[in-house]
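Structural features, examined
The primary structure of each chain is shown beneath.
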Amino acid sequence: MLIEQMRGLKDSYDDMAFTPPLLATIAARTLIVHGDRDPLYPVELALEMYRAIPSSALWVVPNGGHGPIFGAMAGPFVETALAHLTHRP
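Residues numbered from 1 in each chain as written. Predicted model: local features only at pLDDT ≥ 70, side-chain atom pairs only at ≥ 80, totals over all residues. Heavy atoms only, no water.

1. Re the overall build of the protein chain
The criterion, for reference: A run of DSSP states H or I qualifies as a helix once it reaches four residues; a run of E qualifies as a strand once it reaches two. Both are numbered from the N-terminal end. Note on exposure labels: buried denotes an accessible area under 20% of the residue type's maximum, exposed denotes more than 50%, and partly exposed covers the range between, all computed with a 1.4 Å probe on protein chains only. By definition in these notes, contact holds between two residues if any of their heavy atoms fall within 4.5 Å. For the accessible areas, the method is Shrake-Rupley and the probe is 1.4 Å, while residue cover comes only from the protein chains on display.
Looking only at helices and strands, the protein chain has four helices and two strands in total. Walking the protein chain from its N terminus toward its C terminus, one meets helices and strands in the order α-α-β-α-β-α. In the protein chain, which comprises 89 residues, the proportion classed as buried is 20%. Counted over contacts in the protein chain with a minimum sequence separation of 6, partners at least 24 positions apart contribute 70%. Total accessible area computed for the protein chain in this model is approximately 6100 Å², and 64% of it derives from carbon and sulfur atoms.

2. Some details on the side chain of His34
This is how the line gets drawn: Between N or O atoms, a polar contact is any pair within 3.5 Å; within protein, one atom must be a potential hydrogen donor and the other a potential acceptor, and residues adjacent in sequence are included only when both atoms are from side chains.
Relative to the elements of secondary structure, His34 occurs in strand β1 (residues 30–35). For His34, a relative accessible area of 8% translates into the label buried. Within the structure, the side chain of His34 is placed 3.1 Å from the backbone oxygen of Tyr41, a separation counted as a polar contact. When neighbours within four sequence positions are excluded, His34 is seen to be in contact with Tyr41, Pro42, Val43, Ala46, Trp59, Val60, Val61 and Pro68.

3. Here's the deal with the nonpolar core
Keep this limit in mind: We call a set of buried Ala, Val, Leu, Ile, Met, Phe, Trp, Tyr and Cys residues a nonpolar core when their side-chain atoms join them within 4.5 Å.
Core analysis: the largest hydrophobic core is formed by five residues, namely Leu23, Ile32, Ala46, Ala52 and Ile53. Among all residues touching Ile32, those that are not within four sequence positions of it are Ala46, Met49, Tyr50, Ile53, Ser56, Ala57, Leu58 and Trp59.

4. Thoughts on the pairing of strand β2 (residues 56–61)
Short version of the rule: Should DSSP find at least two bridges between two strands, the strands are regarded as paired. Crossovers are described as right-handed under a simple rule: with the strands pointing away from the observer, the path leading from the first strand over the helix to the second runs clockwise.
Bridging between β1 and β2 involves six bridges; their strand directions are parallel. Note that in β2 the partner of Gly35 across the bridge is Val61. Considered for its hand, the β-α-β crossover made up of β1, helix α3 (residues 43–52) and β2 is right-handed.

Below you can see the structure in the form of structure tokens.
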């Protein structure tokens, strides 16, 4: 039941106001990291955020679950995040 409740958040803008128009107001460069095997949120949610945030980048972590930046992926995450933050557009 808890997992289904968390999955239901993807269809609701009431709890967190992450609507595309609001996301479009984010001016900071943004790195969105999402595991392609996240049991709670579909990859489509990350894609919607990526499409809405003007200066965003998306890294879909292969075989990554919920919170794919820990464990074995901690090093690659640091490298990816630093590259994103130091890149001059």
